[in-house]
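Results of the structural survey
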Amino acid sequence: MKWLSNKYAYLLVALVVLASVALQAAWLMQLFRAQQVQVKRDLDQAVSSAARMNDYLSIAKGQEKSENFRNFFLSKEWLQLKQAFTGMRAHQVNASFSSELKNDTTIIGIGLRVANTPPKPHRGRVIRNFDEGETLETAMLSDKQDLRRMDSLVKVECDRNLVAVKGHHLLYDYETGKPESQKVWKSAQDADYRSELYAYNLNFFFHNYQFVVPSIDNIVIYRMRYYLISSLIMLLLTGTAFIFLFRVIRSQQLYTQARLAFTGNMTHELKTPVAVIEAALDAIKRYQLAQDPGKLYNYIDISKTELQRLNLMINKVLNLDQLDDGEIKLRPELYDVQQGLEGVVSSMQLQNGLNGTKINLVQAGEPCFVDGDPVHLTNVFYNLIDNALKYCPAGSTITISCDCDADNVQISFSDNGPGIAKMYKERIFDRFFRVPESAELHNVKGSGLGLHYVKQIIERHGGRIRVQSEPGKGSNFIIDLPGYHEV
Ligand code: ADP
């Protein structure tokens, strides 16, 4: 897949993510529209059921037990018939309605009077004779009760199938068709839902009833909740998978780069001592230094130091795989950390001199024992101090402190060198990883193996290592090891 360079791979992934977001959005929009239609249908259903039930209840007194009576007034056909009858007014038709309830029969009388000559300019009206003892006031009071019942029936029907419908009614004058309140009518024009008009009882024809829901969005969204949540989860999962993929690709890239840099660095690390030793032996032979023991010993010392460096590097590389496979066997014994630190510091002072850098060793008042492998722990201390010496400019101060209680030994190696940027703090413990070169670190050679080794050894001892650092202010490597406990 060489042809697919990273730049294009990222672009492709970005396009895939964008396309899946767009597809999900389009699909959800389509679903939203379909649900809007469905919610309106359900509202239609709820209001018409309420109107039928209200019709039935408005004249049912005494006939509640009659199944026939009930079936008729609750049938869709009756509602259609009544809607058609009341709708006739629009055609300049005079209509009359009467109902007579008897014990075994109910007589519903519907009459339509159509003028043969061109109609006079007035609207059709429904004529209903008042019952005995009934006045306009008692009729209006009774109509109000029917209206209240209609409202509560609409609510009951809505609650059955729709969640939290926030709506209200709008009344129209039955004869003129004009809304009772201009203000409510105006605001209803922008509403998401307006029902058909229903005469909500069979006793009086004062008003037509319309149910208005200003917004149905929340009902639609509630109905779509599972789709919305699953889309969100899908998008989150896709996003996480891609981020994960990016990270894997990125760390593979960095690993490959680090490996290449490692080969370059190792070539330098291995060639330098060999070249120095070759030059020293050459000088001994050419200038016959056997005659001059002072110089001879000096050259031998230089060669010995270089051989030690070479040996250390060879061991680092040879240990590499064994370390990662956990094959290195530790030989733990009672080990005094403070003594170990003292030993490493004085041998480093002897070997290299410290190039003007001051090492400050802060000891605890008592010995700090761990169950540790002296060879590996000494190497760990050596690596950390060597790094501080390598990366800090001449004349810096390195503070090594050791503290312990019954369960834990804490050792810290703090310097006032260049520090480590936040993004590299975890990665410096990866094998081969070296912080990309900056002006200050430019000439410092290394393998990128030291801290990896340190971390592995500390973890094999049941401890942990972390770094606190701020670029420009220095670094502090802190090791925690379990204290020694006799078994
Ligand atoms: P190296 O052989 O490069 O020193 P290490 O594994 O020991 O490899 O260190 C990894 C990287 O961590 C180094 O390349 C260096 O950039 C950074 N580093 C380690 N110790 C220090 C320190 N004391 N101060 C600043 N940077 C450090």
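Refer to the preceding data block for the structure.
Residues numbered from 1 in each chain as written. Predicted model: local features only at pLDDT ≥ 70, side-chain atom pairs only at ≥ 80, totals over all residues. Heavy atoms only, no water.

Turning our eyes to something else, we now look at the overall build of the protein. Regarding its fold elements, the protein presents eleven helices and 13 strands. Over its C-alpha trace the protein gives a radius of gyration of 46 Å, far above what one expects of a compact globule, namely 23 Å for 487 residues. Once the C-alpha set of the protein is aligned to its principal axes, its extents read approximately 150 × 60 × 40 Å. Within the protein, buried positions represent 37% of all 487 residues. Across the protein, every contact between residues at least 6 apart in sequence was considered, and the portion connecting residues at least 24 apart equals 72%. Only carbon and sulfur atoms are counted for the fraction: they give 56% of the accessible area of the protein, which is about 29600 Å². (Helix = DSSP H or I, 4+ residues; strand = E, 2+ residues; numbered from the N terminus. Rg over C-alpha atoms; globule rule 2.2 N^0.38 Å. Buried < 20%, exposed > 50% of the residue type's maximum accessible area, 1.4 Å probe, protein only. Contact = heavy atoms within 4.5 Å. Areas by Shrake-Rupley, 256 points an atom, 1.4 Å probe, with all protein chains shown as cover.)

Pairing is antiparallel in the open sheet, where three strands are placed in the order β4-β6-β5. Strand pairing shows two members of the sheet lacking a second neighbour, β4 (168-173) and β5 (193-194), which therefore form its edges. On the sheet, helix α4 (residues 136-161) packs against β4 and β6 (207-213) and is oriented at approximately 30° with respect to β6. (Pairing = 2+ DSSP bridges. Axes fitted to C-alpha atoms, helices over the stretch in contact; angles between N-to-C directions.)

A surface patch of nonpolar side chains, amounting to about 450 Å² of accessible area, comprises Tyr-8, Leu-11, Leu-15 and Leu-18. Mapped onto the elements of the fold, Leu-15 is located in helix α1 (residues 6-59). (Patch = residues over 30% accessible without salt bridge, like charges linked within 9 Å, V, L, I, M, F, W, Y side chains within 5 Å. Salt bridge = Lys/Arg side-chain N within 4 Å of Asp/Glu carboxyl O.)

What follows deals with the state of the cysteines. Joining two cysteines, a disulfide is a covalent bond between their sulfur atoms. Applying the stated criterion across every chain, the model contains one disulfide. Here Cys-368 pairs with Cys-404 through a disulfide, and the sulfurs are 2.2 Å apart. On the S-S bond that ties Cys-368 to Cys-404, the torsion sits near -75°, and the link is left-handed. Placement of the pair is Cys-368 in the loop between β8 (358-362) and β9 (369-372) and Cys-404 in strand β10 (residues 397-404), with a sequence separation of 36 residues. Cys-404 matches Cys-368 in its accessibility class, with the two residues each being buried. (Disulfide = S-S within 2.5 Å.)

Before going further, it helps to spend a moment on the nonpolar core. Among the nonpolar cores identified, the biggest contains 43 residues, and Ile-411, Phe-413 and Phe-477 are the most heavily contacted of them. Only α9 (337-352), α10 (374-391), β10, β11 (408-415), α11 (450-460), β12 (464-470) and β13 (474-482) provide two or more residues apiece to this core. With eight residues, α10 is the single largest residue contributor to this core. Leave out the neighbours within four places in its chain, and Phe-413 touches Leu-341, Phe-381, Leu-384, Ile-385, Thr-399, Ile-400, Ser-475, Asn-476, Phe-477 and Ile-479. Counting residues in each nonpolar core, the second largest holds 28 residues, with Val-47, Ala-51, Leu-171 and Ile-216 among its members. (Core = buried A, V, L, I, M, F, W, Y, C linked by side-chain atoms within 4.5 Å.)

Moving on: the packing of aromatic side chains. Two descriptors summarise a pair of aromatic rings, namely the distance from one centre to the other and the angle between the planes of the rings. In total, this model carries eleven aromatic pairs according to the counting rule given. The interplanar angle of 75° and the centroid separation of 5.9 Å between the aromatic rings of Trp-27 and Tyr-227 together place this pair among those described as edge-to-face. Of the two residues, Trp-27 sits in helix α1 while Tyr-227 sits in helix α7 (residues 225-286), which places them 200 residues apart along the sequence. For Trp-27, a relative accessible area of 38% corresponds to the partly exposed category. Just above the ring of Tyr-222 sits the side chain of Arg-225; from NZ or CZ to the centre is 3.9 Å. (Phe/Tyr/Trp six-rings, centres within 6.5 Å; stacked < 30°, edge-to-face > 60°. Lys NZ or Arg CZ within 6 Å of the ring centre and 35° of its normal.)

Taken by themselves, the reported measurements are silent on function.
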